[in-house]
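Residues per chain, in single letters:
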Amino acid sequence: MKFAKEMVFYSAYHQEKRNIWIHVLGVPTITFTLFLVLSRFALFSVAGFEITAATVFAAVVLGYYFSLDFIFALATALVFGSLLSLAHYLTASLEAYMAWTVFGVAQLVGWGAQFYGHFIFEKSRPAVFDNLFQAIVSAPIFVVADVFFELGLRKDVQEAVRKELAAQGKLKDFRPAH
């Protein structure tokens, strides 16, 4: 299972429930702010629709996601579509200084919360220190997968990830000691 193999690296750093939920909020916040800034750069128009750097970035990343797993990619495409639409709307509505202010504040909050989750709850350093690609590009689809898992969906994929973590000696136990 290609997706499970890719997710193992990410999951090795994200096993404590509170840290996972911080990422469920923090990763889309960071993604949105990247879209917000990239949507300021119009590249060309197609049938009256402006193609921005954000549109191209989202399309390329989604292409990668669809190569990993169709269902998770489709769910992530819905999230990306919403974030991208909001970013384009705000780009058209906000002055440049305000867009950059939103970007800066949201980046600080998004990354700060995640660092807090890693150091306080996970008791380990964030994955961004070991793999920037995973932290920036892959994290959104893995967060979507974590939500699926929390909802009891795609248990086969979750189990494949858990088994591979165990095989690599990276599976952590956060249950309280009795």
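Numbers given for residues are sequential positions, taken from 1 along each chain in its written order. Per-residue local features of the predicted model are confined to residues with pLDDT of at least 70, and side-chain atom pairs are confined, for both listing and counting, to 80 or more; whole-chain, interface and lining totals are unaffected and use all residues. For the side-chain quantities, the full set of heavy atoms in the structure was used; hydrogens and water were omitted.

Student: Explain the UniProt feature "transmembrane region" (unreviewed entry) in the protein chain here, please?
Tutor: Those residues carrying the UniProt feature "transmembrane region" (unreviewed entry) are residues 20–38, 43–64, 70–90, 97–120 and 132–153 in this numbering. A distance of 30 Å separates the end C-alpha atoms of residues 70–90, which is 100% helix and 0% strand. In this description a helix means any DSSP run of H or I spanning at least four residues, a strand means any run of E spanning at least two, and both kinds are numbered starting from the N terminus. Annotation note: span residues 97–120, helix share 100%, strand share 0%, distance between end C-alpha atoms 34 Å. UniProt positions are given in the numbering used here, feature names are shortened, and annotations may be inferred rather than shown by experiment.

Student: Sorry if this is basic, but what is going on with the packing of aromatic side chains here?
Tutor: Here a ring pair, both rings aromatic, is described through the centre-centre distance and the interplanar angle of the planes. Here a pair means two rings of Phe, Tyr or Trp (six-membered ring of Trp) with centres within 6.5 Å. Their orientation is stacked below 30 degrees between planes, edge-to-face above 60, and tilted elsewhere. One pass over the structure, following the stated rule, counts 17 aromatic pairs. When the ring of Phe 9 is compared with that of Tyr 13, the centres are 5.1 Å apart and the planes differ by 55°; the resulting orientation is tilted. Each residue is assigned to one of three classes by its accessible area relative to the maximum for its type, calculated with a 1.4 Å probe on protein chains only: buried under 20%, partly exposed between the two thresholds, exposed over 50%. Judged by its relative accessible area of 14%, Tyr 13 is buried. Considering the side-chain rings of Trp 100 and Phe 103, the 5.7 Å spacing of their centres and the 80° angle between planes classify their relative orientation as edge-to-face. Of this pair, Trp 100 and Phe 103 both sit in helix α5 (residues 96–122), three residues apart, which is roughly one turn of that helix. A relative accessible area of 43% places Trp 100 in the partly exposed class. An aromatic cluster is built from Phe 3, Tyr 10, Phe 72, Phe 142, Phe 148 and Phe 149, whose rings are joined through pairwise contacts. Taking the ring centre of Phe 72 as reference, the NZ or CZ of Arg 154 above it sits at 4.4 Å. Whether a charge lies above a ring is judged from NZ of Lys or CZ of Arg, which has to be within 6 Å of the ring centre and within 35 degrees of the ring normal.

Student: Would you mind showing me how to read the layout of surface pockets here?
Tutor: The method is simple in principle: a probe with the dimensions of a water molecule rolls over the atoms, and the space it marks as empty is what remains. Volume-wise, the largest pocket comes out at about 400 Å³. In terms of lining residues, the largest pocket is bounded by 18 residues, among which His 14, Gln 15, Lys 17, Ile 20 and Gln 158 are the most central. Among the secondary structure elements, those contributing two or more residues to the lining of the largest pocket are α1 (2–12), α2 (17–38), α6 (132–150) and α7 (155–167). Looking at which element gives the most residues to the lining of the largest pocket, the answer is α7, with five residues. Ten residue types, Ala, Val, Leu, Ile, Met, Phe, Trp, Tyr, Cys and Pro, are classed as nonpolar, four, Asp, Glu, Lys and Arg, as charged, and the remainder, Gly among them, as polar. Class assignment for the residues of the lining of the largest pocket results in seven nonpolar, four polar and seven charged. Definitions used for this entry: grid spacing 1 Å over protein atoms alone; cavity, a set of points where a 1.4 Å probe fits but cannot get out; pocket, an open set with protein on both sides within 12 Å along at least 5 of 7 lines; lining residue, one with an atom within 4 Å of a point. Grid points are joined across faces, edges and corners, and a volume is the space filled by probe spheres set on the points. Within this model, the second largest pocket holds a volume of roughly 160 Å³.

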